[in-house]
Amino acid sequence: MLSYTDARRKVIEVATSIPRPSLRTHVEIEQAFGRILAEPVLADRDYPPFDRSTRDGFAVRAEDAQAPGARLECVGELRAGGRFDEGVLPGQCVEIMTGASVPRGADSIVMVEHIQRDGRTILLERAAKKGEHIVFRGTEARAGALLVAPKTRMGYAEMALAAQAGTTRLSVFAAPRLAVLSTGDEVVDARSTPGPLQVRNSNGISIEIMARTAGAETLQLGNVPDEKGALRAAIERGLAEDILVLSGGVSMGKYDLVEQVLADLGAEFHYTGVSIRPGRPAVFATCRNKLVFGLPGNPVSTMVTFELFVLPAVDVWNGGDARPLPVFRAKLETTVREKGPMTHFLPARIEWEGREARVTQLPWQGSGDVVALARANGFLIVGPERLEIAPGEWVDVIPRRGAI
Ligand code: AMP
Ligand code: MG
């Protein structure tokens, strides 16, 4: 059986290789967060566009102030956005504000904190250094330079940069459309009252939200019973979208029919199990050139397998690169005992003591235990064949998205 890293690699490989029209669309900058850029953002002019003072102080000629104690005559004032066309002559200085253009002749800014003023006479308490507190024109970017490259995920910094360059309408790739389908005779809508042996559909919402946060547009198909005809019809509906994510019906039970129905529809299976717990029966297939994920129905399994396998596919179909799994190290607080050939993803609480991350495994009743998962803010990853890990050891953890 595949390791989770190999299964992820497989997903990325298949998602990359399937022909997909790279649809582009335009969005206003406010709507661009999380989208993948299709066309570059270029510098419309030099940045900074002028030699910019980065302090409130006095623009001076450095050669006039080689040692502390120089006295200069203040011949004017420059606010941000203001002009001073006369230039600074030897023995002169100009009062200048942060963000203002350094006047001709001056090549250094002395901070207002380091002067004494007596009318027009400015006494410099420090020597001036050439270029100090000035960012020269074009040193951040030259006009025409690439500011944000295609395939970049737009975050707040990239958006600020696009705004700075005046690119307020952005060309981005169309987000993949992802259909969410829950399966199970016993599953009822979350807004209804379940019978004593029924359960409400919680995977519908977790998958929808994980998909949307990943950058997909979602279509909610609700739940279908474990019955071939209904399942087939719902799957065919889902295959009209780019990615279909099913929950439930992929284990070994007599009424786990997802694989059979997919096979009837001509699906090609890339894996039908991964060496992880929870989530072992996870299925990944392609059908009619669409990506299909059959996630195990136990809610924690659903969430873990979405994070591990569906998310990279969404990234790739969004037009970007698959984001790496955000694994980091934390110091174990309690003893962990797990056995077997699988990699375990255990609900855990990660806290920081200063700069050091600490992790505690939370008690749980297995992969159906959403109560435990909602208390967890991450997962403790225990590799295969680890029998016991002692407190104080450094272990791998991943955050539960949005919880940290
Ligand atoms: P399955 O993967 O179909 O064998 O289901 C495993 C467990 O997950 C069973 O206890 C189901 O009742 C439960 N389950 C399946 N689908 C859902 C769902 N959409 N929401 C909540 N629990 C579910
Ligand atoms: Mg089921």
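Definitions and cut-offs
Residues numbered from 1 in each chain as written. Chains lettered and ligands numbered in written order. Predicted model: local features only at pLDDT ≥ 70, side-chain atom pairs only at ≥ 80, totals over all residues. Heavy atoms only, no water. Helix = DSSP H or I, 4+ residues; strand = E, 2+ residues; numbered from the N terminus. Rg over C-alpha atoms; globule rule 2.2 N^0.38 Å. Buried < 20%, exposed > 50% of the residue type's maximum accessible area, 1.4 Å probe, protein only. Near = heavy atom within 4 Å. Polar contact = N/O pair within 3.5 Å; in protein donor to acceptor, adjacent residues only side chain to side chain. Areas by Shrake-Rupley, 256 points an atom, 1.4 Å probe, with all protein chains shown as cover. Domains from an automatic or database assignment. Pairing = 2+ DSSP bridges. Axes fitted to C-alpha atoms, helices over the stretch in contact; angles between N-to-C directions. Parallel < 35°, antiparallel > 145°, perpendicular 65-115°, else oblique. Left-handed = near helix turned anticlockwise from the far one by under 90°. Contact = heavy atoms within 4.5 Å. Nonpolar A, V, L, I, M, F, W, Y, C, P; charged D, E, K, R; others polar. Core = buried A, V, L, I, M, F, W, Y, C linked by side-chain atoms within 4.5 Å. Expected span 1.5 Å × (residues − 1). Disulfide = S-S within 2.5 Å.

Right, let's get into the overall build of the protein chain. On a plain count of helices and strands, the protein chain comes out with seven helices and 28 strands. Here the C-alpha atoms of the protein chain give a radius of gyration of 30 Å, more than 25% beyond the 22 Å that 2.2 N^0.38 yields for 404 residues. Based on the C-alpha atoms only, the size of the protein chain along its principal axes is roughly 95 × 50 × 40 Å. With 404 residues in all, the protein chain has 49% of them scored as buried.

Let us look at the site of ligand 1. In the neighbourhood of ligand 1, 18 residues make up the surrounding shell, with S182, E186, N201, G249 and G297 lying closest. Between a nitrogen atom of ligand 1 and a side-chain N or O atom of S182, the distance comes to 3.0 Å. A distance of 2.9 Å separates an oxygen atom of ligand 1 from a polar backbone atom of G249. Notes on ligand 1: free accessible area 480 Å², of which the protein chains cover 79%. Among the secondary structure elements, those contributing two or more residues to the shell around ligand 1 are β13 (177-183) and β15 (199-200).

This part takes up the domain arrangement of the protein chain. Domains assigned within the protein chain are domain 1 (4-23 + 174-317), domain 2 (27-44 + 151-173), domain 3 (52-135) and domain 4 (328-399). For domain 3 versus domain 4, the distance between C-alpha centres works out to 58 Å.

For sheets, the rule is that strands pair by backbone hydrogen bonds, running either parallel or antiparallel. Taken together, six strands build an open sheet; the order of strands is β7-β4-β6-β5-β9-β8 and the sheet is mixed. Strand pairing shows two members of the sheet lacking a second neighbour, β7 (108-111) and β8 (115-118), which therefore form its edges. Neighbour-to-neighbour, the strand axes of the sheet open up by a mean angle of 40°, direction not taken into account. Relative to strand β9 (residues 121-124), β8 is paired through four bridges, and the arrangement is antiparallel. From the neighbouring strand, R117 faces β9, where its bridge partner is I122.

Two numbers describe how helix α1 (residues 4-17) lies on helix α6 (residues 299-317): the axes approach to 9 Å, and their chain directions differ by 25°. As the angle between them shows, α1 and α6 are arranged roughly parallel. Where α1 crosses over α6, the handedness of that crossing is right-handed. Every residue of α6 that contacts α1 at Y4, A7, R8, V11, I12, A15 and T16 is listed here: E307, L308, F309, P312, A313, V316 and W317. Considered class by class, the residues forming the contact of α1 with α6 number 11 nonpolar, one polar and two charged.

This part is about the nonpolar core. Ranked by internal contacts, the top residues of the largest apolar core, which has 42 residues, are Y4, L178, L291, F293, F309 and F345. Of all elements in the fold, only α1, β13, α3 (203-214), β17 (243-247), β21 (290-295), α6 and β26 (378-382) reach the threshold of two or more residues within this core. Split by domain, the residues of this core number at least three in each of domain 1 (4-23 + 174-317) and domain 4 (328-399).

Time to look at α6. Structural remark: α-helix, 3.6 residues per turn; residues separated by three or four positions point the same way. For α6, which comprises 19 residues, the first-to-last C-alpha distance of 25 Å matches the rise-based estimate of 27 Å (1.5 Å per residue) to within 8%. Of all 19 residues in α6, 19 are buried, a share of seventy percent or more. Backbone geometry just downstream of α6 places G319 in the positive-phi region, at approximately 100°.

What follows concerns the state of the cysteines. Evaluation of the coordinates by the stated rule reveals zero disulfides. Unpaired in this structure, C74 has its nearest cysteine sulfur neighbour in C93, at a distance of 4.6 Å. What makes C74 buried here is its relative accessible area of 6%. Taking relative accessible area as the criterion, C93 reaches 0% and is therefore assigned buried.

A few words now on unusual backbone geometry. Cis geometry marks the peptide bond from Y47 to P48, where omega comes out at -10°. Of note, the bond from R277 into P278 is cis; its omega dihedral lies within 30 degrees of zero at -5°. When you line up the elements, P278 lands in the loop between β19 (276-277) and β20 (283-287). Residues other than glycine seldom take positive phi values, yet H133 does so here, at roughly 60°. Topologically, H133 is positioned in the loop between β9 and β10 (134-135). Even without a glycine there, the phi angle at E385 is positive, about 65°. Summarising the element assignment, E385 is placed in the loop between β26 and β27 (388-389). Taking the relative accessible area as the measure of exposure, E385 reaches 55% and is therefore exposed.

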